[in-house]
Amino acid sequence: MTKYIFVTGGVASSLGKGILAASLGNLLQARGFRVTNQKLDPYINVDPGTLNPYEHGECFVTVDGHEADLDLGHYERFLNIQTHKSNNITTGRIYQNVIEKERRGDYLGKTVQIIPHITDEIKRNIMAFGQSGEFDFVITEIGGTVGDIESLPYIEAVRQIKWEYGHDCLCIHLTYVPYLNAAKELKTKPTQHSVQELQKAGVQPDIIILRTEHHVSDELKRKVALFCNVDQHAVIQSEDASSIYRVPLNMQEEHLDEVVLEKTGFDLSKVKKADMTDWNAFLQKLESATAPVRIALVGKYVQLQDAYKSIQESLTHAAAYSDHKLILTSILSDDITSDNIASLLEGQQGIVVAPGFGNRGVEGKFIALKYARENNIPCLGICMGMQAMVIEFARNVLGYKDANSMEFDERTKHNVIDMMDDQKTMINKGASMRLGAYPCRLKQGTKAAEIYQSGLIAERHRHRYEFNHKYQAEFEAAGMCCSGTNPDSGLVEIIELKNHPWYIGTQFHPEYSSTVLNPHPLFISFVKAAIDFVGTHC
Ligand code: GLN
């Protein structure tokens, strides 16, 4: 029987529900269970693809081409699994499904209501994981904060599932315990109120996790247990951690996995202990590395720390495995000029040019790329970053001064980045983006083939525009090699410079598939090149 664990949040947002849910998944998986994590988002967008990264952080992309919440990135990195469209549901999607069913006449003349129709659709999307027979545990994180109007149907679905499944279902409530400096005291009242809010909706939490910046005493835990009607050993604290990757171990020390197993009816003496050897080895490397590797991230959303989450984490994995400490400097591409680029990049050993849509800040990317190309600084261009590499090369090496992407300038004579004809047909059919994993064949003898140690790979895409084939021969003759192409369509997926220590652009997003136990080879190779870089500009 599949066990359903729900993670709700109270008191404040941004407490790290996603990291906590991923950490619990990690611990249960390390005990030999088959686990998946799911995120339910209470907003009305059908998916987060249309959300500005400033609003909601990075948009993560699953292998099956779903634009998803960034928490799915945490799930993949922590559990070393691939998630799919079904791992992220929004209110918009729930309503869309219900309305489609209503239009088809599936409800046989009934009045369609939040209860039972919306709640049933929510439950169907949760229980489908259990029915697949693939999982022992399904951990479902409910976005938002208890008490929000938007999350009420989700909480009602949790109430019903708890009522129907008894001990096969648990609710973990994550709250915040503020420290009042003037009183020198941790305060539990907000926790009590948020638990009351859950109880009013008919849900009694089974486990309470207190996020805190100070150690919570046993006495305080007892108080929370008493007032919130939970077992004392089911009140767990989650103190601020030096790294998100330490949270699973902190939760193990607090016996979170044991309490979950005990409450879902397992005999602890019959379940193997969590084997965290590999995880610990990574953490050891991450925490003991002192030699710095300085990487600059050039992008247009750098002010928000979550906008390039997967890139930051991929670089963190690669630096740790290379026994170096990542020092990441974000540079807003809008601020870059030919005059300040040398000082902005001073001391940097590697440059990542970020993905992006629209032309804001793109000229700054060209300047940074020219500088990296001419000064032999290792450089990785991702998606729009790769397109910018192509345009910069066309302008400054091939001599096409008006070279551009069709995305930024439809009238240019030299669209080196274009929308392909088959892409235009796809758009006419309603599909506006190349999304999800596509195969890519690597050319023998190139850096890409050497890095991947493979002839055929699959990587995730999220873009509309493509390298323009018409110019391929010219680029290759001038030293920019197309080292990866789609075996079916021939679309160019990777470009690299021959006469440069490390200058690679990928039309796809390698950052979506780097995990703690399986760091991405491109990032490993890039960071190694950065470590080896001794530039004259340093
Ligand atoms: N703007 C580019 C395109 O749509 C790249 C998008 C991205 O970087 N994700 O093709």
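Here we summarise the structure given alongside this text.

Cut-offs applied
Residues numbered from 1 in each chain as written. Predicted model: local features only at pLDDT ≥ 70, side-chain atom pairs only at ≥ 80, totals over all residues. Heavy atoms only, no water. Core = buried A, V, L, I, M, F, W, Y, C linked by side-chain atoms within 4.5 Å. Buried < 20%, exposed > 50% of the residue type's maximum accessible area, 1.4 Å probe, protein only. Helix = DSSP H or I, 4+ residues; strand = E, 2+ residues; numbered from the N terminus. Contact = heavy atoms within 4.5 Å. 1 Å grid on protein atoms, 1.4 Å probe; cavity = no way out; pocket = protein on both sides within 12 Å on 5 of 7 lines; lining within 4 Å. Points joined across faces, edges and corners; volume = space filled by probe spheres on them. Nonpolar A, V, L, I, M, F, W, Y, C, P; charged D, E, K, R; others polar. Pairing = 2+ DSSP bridges. Axes fitted to C-alpha atoms, helices over the stretch in contact; angles between N-to-C directions. Polar contact = N/O pair within 3.5 Å; in protein donor to acceptor, adjacent residues only side chain to side chain. Near = heavy atom within 4 Å. Areas by Shrake-Rupley, 256 points an atom, 1.4 Å probe, with all protein chains shown as cover. Sits in = over half its atoms within 2 Å of the grid points.

Judged by nonpolar contacts, the single largest core of 48 residues is most densely connected at Leu28, Ile172, Ile207, Leu256 and Val260. Here this core gets eight residues from one element, more than from any other, and that element is helix H1 (residues 17-30). Not counting residues up to four positions away in its chain, the partners in contact with Val260 are Ile5, Leu24, Leu28, Phe137, Leu170, Ile172 and Ile207. Counting 43 residues, the second largest nonpolar core, distinct from the first, contains Tyr371, Phe467, Met480 and Leu497.

So, on to empty space enclosed by the protein. Overall, the coordinates contain two cavities of 30 Å³ or more when judged by the stated rule. Of the voids in this model, the largest cavity is the one considered here, and its volume is about 70 Å³. Lining the largest cavity we find Pro355, Gly356, Phe357, Cys383, Met384, Gln387, Glu407, Arg462, His463, Arg464 and Tyr465. Residue classes in the lining of the largest cavity are distributed as five nonpolar, three polar and three charged. By volume, the second largest cavity amounts to about 30 Å³. Along its surface, the second largest cavity is lined by Thr8, Gly9, Ile142, Gly143, Gly144, Thr145, Val146, Ser151 and Ile155. The residue makeup of the lining of the second largest cavity, split by class, is three nonpolar, six polar and no charged.

Our focus in this paragraph is the sheet that holds strand E14 (residues 350-353). Overall, mixed pairing links the nine strands, which are arranged E13-E12-E14-E15-E23-E22-E21-E18-E19 in an open sheet. Of all the strands in the sheet, just strand E13 (325-332) and strand E19 (456-463) have a single pairing partner and so form its edges. Shown here is a sheet whose adjacent strand axes are inclined to one another by a mean of 25°, direction ignored. Strand direction decides the pairing type here: strand E21 (residues 480-485) and strand E22 (residues 492-497), joined by five bridges, are antiparallel. Bridge pairing in E22 places Gly484 opposite Ile494. The strands that helix H19 (residues 521-532) touches are strand E12 (292-299), E14, strand E15 (379-382) and strand E23 (503-506); relative to E12, the one it contacts most, it runs at about 115°.

It is worth spelling out the environment of Glu254 at this point. Assignment of secondary structure puts Glu254 in the loop between helix H9 (247-253) and helix H10 (256-263). When the C-alpha atoms of Glu254 and Ala234 are compared, they prove to be 9.5 Å apart, with 20 residues separating the residues in sequence. Not counting chain neighbours up to four residues away, the residues in contact with Glu254 comprise Lys221, Ile236 and Gln237. A distance of 3.1 Å separates a polar side-chain atom of Glu254 from the backbone nitrogen of Gln237.

This brings us to the sheet that holds strand E16 (residues 404-405). On the basis of which strands lie adjacent, the open sheet formed by three strands has the order E16-E17-E20 and mixed pairing. At either margin of the open sheet sits one strand with a lone partner, and together these are E16 and strand E20 (466-467). Of the strands in this sheet, E16, strand E17 (415-418) and E20 touch helix H15 (residues 384-396), which is tilted by about 165° from E17.

With that settled, consider the side chain of Gln349. Along the polypeptide, Gln349 turns up in the loop between helix H13 (341-344) and E14. Taking relative accessible area as the criterion, Gln349 reaches 13% and is therefore assigned buried. Side-chain polar atoms of Gln349 contact the backbone nitrogen of Arg294, separated by 2.6 Å. Looking at Gln349, its side chain comes within polar contact range of the main-chain oxygen of Ala530, at 3.4 Å. Each residue touching Gln349, except ones within four places of it in the same chain, is listed here: Pro292, Val293, Arg294, Ile377, Pro378, Ala530, Ile531 and Phe533.

Time to look at the site of the ligand. Every residue lining the ligand is accounted for by Pro355, Gly356, Phe357, Cys383, Met384, Gln387, Glu407, Arg462, His463, Arg464, Tyr465 and His509. Between the ligand and Gly356, the relevant distance is 2.9 Å, taken from an oxygen atom to a main-chain nitrogen or oxygen of the residue. Measuring from an oxygen atom of the ligand, one finds a backbone N or O atom of Met384 at 3.0 Å. In the complex, 99% of the free accessible area of the ligand, which totals 300 Å², lies under the protein chains. Cavity membership is defined here by more than half of the atoms lying within 2 Å of grid points; on that basis the ligand lies in the largest cavity. Its residues assigned to classes, the shell around the ligand shows five nonpolar, four polar and three charged.

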